[in-house]
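Structure at a glance
Listed here are the chains, written in short residue letters.
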Amino acid sequence: MSTKVAERFQAFTPRAEPRPAQRSGGTAAAVPGPRVPQFANDGFERAPSTARGPGARVALDGAPPPQSSQPSSPKAGAPLSQSVTPHAPIEDNQTVTSTVTFTEDATVDTLKLDLDLQHTYRGDLTVTLTSPSGKSAVIADREGGSADDLKGSFDLSAFAGEKAAGAWTLSVKDSARQDTGTLESWGLTITPKGEEPPPPPASDDSDPMKHIEWLSSDELRGRDSPSPELTAAAAYVEEHVKKYGLLGPNTNNPSDPYQQKFNVFSFAGEGQEAAQGASAGHAEHKDFGHQLFDEGFYLDESMPVETREMLTRKYEESMKAAGRPLAPRSGGPMSVEELKQLAQFDGMAQNTMALLPGTGPHKDEVIVVMAHLDHVGVNRNGQVFNGADDNASGSGVLLGAIPELVEAQKAGKLDRSVLFLWTGAEEKGLVGSQYFVDNPIPGLGLKEITGVINMDMVGRWDDQRISAIDTNSRGQASYFRDVLNQANQKMADPFDRINQDINQYRDRQDGAVFTRKGEDVLFMFEGLSNPNGGGGLIPEYHQTTDDIDKIVRDNGGNKPRRVKDLMVNVIQLASNRS
């Protein structure tokens, strides 16, 4: 793919110290925490490129390789610079190529090309830069008329996200006769994304507030689905579960069995516009949760008929509401190919999962404990929706529960296995959870699952009440009602109130996907504005003000900690019930 870039000329000074190019407004911030996986154009994680040599090397058509500069020291965020002085003649109707090679395993945030090309008629020239992956940007395309020379600095934002390691090729093509010139020198300055940032603040891994603090930081830019920042959050989760010896159970993805990746689509014209609203991201979304496929969906060839039918109806509803004509339908649901014709591809998201095997006679049965990891990202004004309560709180509670549950397993106190599941694209419409149930993982299918616990927004209000939904597919109380009450009484300081006041949200959270499949589900929620039941959501719901300081203000961080203690009791009771 070739991209035409706008040039910004500066005085050309070949011996000047390299200066990082200015960061563009749309470039994601560097992300702290564990390594941020890098992606190829299809959205899948790409293995690091192989360096092609110890330093920069130049290959010229018909010319020997000249001297080159030494590679700069790889350091997160520090500029990397390479330059060469080929003094290569540019003949009529000929093409000259020159390469520089970076050995550092870094990802491009910004890239600047410094160029000194002497020519008596630059309107003859096409100049192109190509990255190691094959992506190209056109620097000049027979522009400038009879002006001579092409010198200056060019900011090439087209290469943001590319891997630096490998050979970068500058191509100069002369497409006319009479005028000639020389490629005197050129160089690249790459400002990499920070891939070795400091870890989250040191504290007890069992404290949900440690994890909430990092997941809701500005650096994660709202964990949109899909986004590099959601992938960074997934990497953080994966590193944590590996630390405690949990297994990666997704045998369908043997290269990284902790991740389940899926494509995210939206109906053409309704992707980011629908998601971002007029000016303030998802700020206009005031009802808790989502119905299935509200703002996005997945598509693949194995999609079950019933899921295609739900998606077809969603398409028809959205078109009718917008007053737009419908694509023809012949009886049954649209095919995946037909749906793709109406959709736009938004990128790749993922579910993250880890298995804590049981040790008793029912170890082949599984309790699923889940929370959605994503939030709604950044609005078009650049404001970050950190989503501390929604749903860094639920995700952090799951992470904080792992050390204690691992100890219980080692002591033989977990009969059934526990699957921890952090879903992606929940904010698009329960997409990740639907993908999980539609694409069963061997040994973790619906017939093995004997209960599901979903945690969503469990950080706010006071720390003496919580709300719950504990029904099955028939709308009756499931075994979780008794389990929840028993778990509460096992606490040193039980919750004063467990309110059954959120049934209006029964179908607007990830657990509903499992309920439709016949599973018993417990949905745990922080509660509404009235401590005794009922009322409204927190004022910060889907606002840029959903920050961790609001959790601290409400309860000093004790609410997530107490919810974690309650959930650990629930899991142990559910795992060991007869």
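Criteria and cut-off values
- Residues numbered from 1 in each chain as written.
- Predicted model: local features only at pLDDT ≥ 70, side-chain atom pairs only at ≥ 80, totals over all residues.
- Heavy atoms only, no water.
- Helix = DSSP H or I, 4+ residues; strand = E, 2+ residues; numbered from the N terminus.
- Contact = heavy atoms within 4.5 Å.
- Areas by Shrake-Rupley, 256 points an atom, 1.4 Å probe, with all protein chains shown as cover.
- Buried < 20%, exposed > 50% of the residue type's maximum accessible area, 1.4 Å probe, protein only.
- Arc of directions from axis to C-beta.
- Core = buried A, V, L, I, M, F, W, Y, C linked by side-chain atoms within 4.5 Å.
- Phe/Tyr/Trp six-rings, centres within 6.5 Å; stacked < 30°, edge-to-face > 60°.
- Lys NZ or Arg CZ within 6 Å of the ring centre and 35° of its normal.

A few words now on the overall build of the chain. Across its full length, the chain holds 11 helices and 18 strands. In the chain, the share of contacts with a sequence separation of at least 24, taken over all contacts with a separation of at least 6, comes to 82%. Accessible surface, the chain as shown: approximately 23100 Å² in total, 48% of it carbon and sulfur.

Right, let's get into the environment of Leu522. Position of Leu522 among the secondary structure elements: in strand E18 (residues 521-525). Taking the C-alpha atoms as reference, Leu522 lies 6.2 Å from Asn454; in sequence the two are 68 residues apart. If we ignore the near neighbours within four places in the chain, the residues touching Leu522 are Val452, Ile453, Asn454, Ala468, Ile469, Asp470, Phe480, Leu484 and Val570.

Turning to the environment of Glu316, a few remarks are in order. Secondary-structure assignment places Glu316 in helix H4 (residues 305-322). Glu316 sits 11 residues away from Ala327 along the chain, and the two C-alpha atoms are 8.5 Å apart. The residues touching Glu316, leaving out its near neighbours within four places in the chain, are Leu326 and Arg329.

It is worth spelling out the side chain of His240 at this point. One can find His240 in helix H2 (residues 228-243). In contact with His240, not counting residues within four places along its chain, are Asp205, His211, Leu399, Ile402 and Pro403.

Turning our attention to helix H10 (residues 548-555). Looking only at H10, the buried set comprises Lys550, Ile551 and Asn555. Down the axis of H10, the sector holding all buried residues measures 100 degrees, keeping them to one side. Where H10 is buried, its residues meet helix H1 (208-215), helix H6 (388-410) and helix H11 (558-576). Looking one or two places after H10, you find Gly556, whose phi comes out positive at around 65 degrees.

Phe420, Ile453 and Met455 are the most contacted members of the largest nonpolar core, which has 95 residues in total. In this structure Met455 touches Met370, Ala371, His372, Asn391, Gly394, Val397, Leu398, Met524, Val563 and Met567, once residues within four positions along its chain are discounted. Of all hydrophobic cores here, the second largest spans 32 residues; its members include Ala88, Val96, Val108 and Ile139.

Quick look at the packing of aromatic side chains now. For the structure shown, the criterion picks out 15 aromatic pairs. Between Phe265 and Phe345, the ring centres sit 5.5 Å apart and the planes meet at 55 degrees, which makes this aromatic pair tilted. With Phe265 in strand E11 (residues 259-267) and Phe345 in strand E12 (residues 343-356), this pair connects stretches of sequence that are 80 residues apart. Accessibility expressed as a relative area gives 8% for Phe265, which makes it buried. Take Phe345: its relative accessible area is 41%, and that puts it in the partly exposed class. Connected via pairs of aromatic rings, a cluster forms that spans Phe262, Phe265, Phe267, Phe293, Phe297, Tyr298, Tyr315, Phe345 and Tyr435. The ring centre of Phe495 lies 4.4 Å from the NZ or CZ of Arg562, which sits over that ring. Above the plane of the ring of Tyr479 lies Arg577, whose end atom (NZ or CZ) is 3.6 Å from the centre.

The next point concerns the environment of Glu309. With respect to the element layout, Glu309 can be found in helix H4. Sequence-wise, Glu309 and Met334 are 25 residues apart; in three dimensions their C-alpha atoms are separated by 7.2 Å. Sequence-distant contacts of Glu309, that is, excluding residues within four places in its chain, are made with Arg329, Gly332 and Pro333.

Treat this as a map of the structure, not an account of what it does.
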